[in-house]
Amino acid sequence: MNKNAVALTLLRVVLGLTFLFHGWQKMQMGLDNVGGYFVSLGLPSWLAYVVGNLELFGGLLLIVGMLTRYISLAFVVVMIGAVFSAKFGNGFLGAEGKPGFEIDVVLMTIGAFFAITGSTGYSVDAVFKRQSQAVDGHKA
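Residues numbered from 1 in each chain as written. Predicted model: local features only at pLDDT ≥ 70, side-chain atom pairs only at ≥ 80, totals over all residues. Heavy atoms only, no water.

Digging into the overall build of the chain
- Each helix and strand in the chain was counted, giving 6 helices and 0 strands.
- If you list the helices and strands of the chain from N to C, you get α-α-α-α-α-α.
- A principal-axis box enclosing the C-alpha atoms of the chain has dimensions of 55 × 30 × 20 Å.
- Evaluated residue by residue, the chain yields a buried proportion of 32% over its 140 residues.
- Expressed as a percentage of contacts within the chain between residues at least 6 apart in sequence, the contacts between residues at least 24 apart total 64%. (Helix = DSSP H or I, 4+ residues; strand = E, 2+ residues; numbered from the N terminus. Buried < 20%, exposed > 50% of the residue type's maximum accessible area, 1.4 Å probe, protein only. Contact = heavy atoms within 4.5 Å.)

A closer look at the packing of helix H2 (residues 31-40) against helix H3 (residues 47-64)
- Where H2 contacts H3, the axes come no closer than 8 Å and their chain directions differ by 120 degrees. Our classification of the angle between H2 and H3 gives oblique. Where H2 crosses over H3, the handedness of that crossing is right-handed. The segment H2 lies against H3, with Leu31, Asp32, Val34, Gly35 and Phe38 engaging Leu47, Ala48, Tyr49, Val51, Gly52 and Asn53. (Axes fitted to C-alpha atoms, helices over the stretch in contact; angles between N-to-C directions. Parallel < 35°, antiparallel > 145°, perpendicular 65-115°, else oblique. Left-handed = near helix turned anticlockwise from the far one by under 90°.)

A few points about H3
- A rise of 1.5 Å per residue sets the reference length of H3, with its 18 residues, at 26 Å; its end C-alpha atoms lie 25 Å apart and thus fit the reference within 8%.
- Of all the residues in H3, the buried ones are Ala48, Val51, Gly52, Leu54, Glu55, Leu56, Gly58, Gly59 and Leu62.
- Of the surrounding secondary structure, the elements contacted by the buried residues of H3 are helix H1 (3-29), H2 and helix H4 (68-87).
- One or two steps after H3, the chain reaches Gly65, where phi turns positive at roughly 80 degrees. (Expected span 1.5 Å × (residues − 1).)

Brief notes about the side chain of Asp104
- Inspection of the secondary structure puts Asp104 in helix H5 (residues 102-117).
- Of the residues examined, Asp104 reaches a relative accessible area of 4% and is grouped as buried.
- Ignoring any residue separated from it by four or fewer positions in sequence, one finds Asp104 in contact with Met79, Ala82, Val83 and Lys87.

Description of the environment of Gly35
- Checked against the element boundaries, Gly35 lands in helix H2.
- Residue contacts for Gly35: discarding those within four places in its chain leaves Ser45 and Ala48.

Quick word on the confidence of the model for the chain
- On average, residues of the chain score 93 in pLDDT, and 94% of them are at 70 or above.
- When the elements of the chain are averaged for pLDDT, helix H6 (residues 124-136) gives the smallest value, 76, and H3 the largest, 98. (pLDDT = per-residue confidence, 0-100.)

Focus on the environment of Val14
- Looking at where Val14 falls in the secondary structure, it is placed in helix H1.
- On the basis of relative accessible area, Val14 is assigned to the partly exposed category, the value being 44%.
- Between the C-alpha atoms of Val14 and Gly59, which are 45 residues apart in sequence, the distance is 9.2 Å.

Describing the nonpolar core
- With 19 residues, the main nonpolar core has Leu15, Phe19, Phe75 and Met79 as its most contacted residues.
- Elements with a contribution of two residues or more to this core: H1, H2, H3, H4 and H5.
- Broken down by element, the residue count for this core peaks at 6 residues, all from H4.
- Leaving out residues up to four positions away in the same chain, Phe75 has contacts with Phe19, Leu54, Glu55, Gly58, Gly59 and Leu62. (Core = buried A, V, L, I, M, F, W, Y, C linked by side-chain atoms within 4.5 Å.)

Topic: a nonpolar patch on the surface
- A contiguous nonpolar surface patch, about 500 Å² in accessible area, is contributed by Val64, Met66, Leu67, Tyr70 and Phe128.
- You can see Phe128 is positioned in helix H6. (Patch = residues over 30% accessible without salt bridge, like charges linked within 9 Å, V, L, I, M, F, W, Y side chains within 5 Å. Areas by Shrake-Rupley, 256 points an atom, 1.4 Å probe, with all protein chains shown as cover. Salt bridge = Lys/Arg side-chain N within 4 Å of Asp/Glu carboxyl O.)

Structure follows, in structure tokens:
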């Protein structure tokens, strides 16, 4: 068993679960209600539908390791948006009972890692990559 593959798989799955649960939470709240919150931040309400679905379905895709680079890059963009639209004014650790953006930076950094490296470890992406290399005559 490759320890690095296990560790990277675990990191990717936890990132996926984090976004999956946030997406599920938005669905439970109702995307119209989330849209109202987005409007209060100066964002268009339709963006709640994009973010909610991306978090839910993108989280699922990350868990299995499919389209990892693209989903991770999209999550980096979402986290940048969250920091600058909702949390930056609260400071890194938060202020007056309002959340800071420290966790967003962690999620953004993990997302950037997977956007750069792709789905290392055990994943659907890795299976497709091995199959593609075998077809192209490269060492699998």
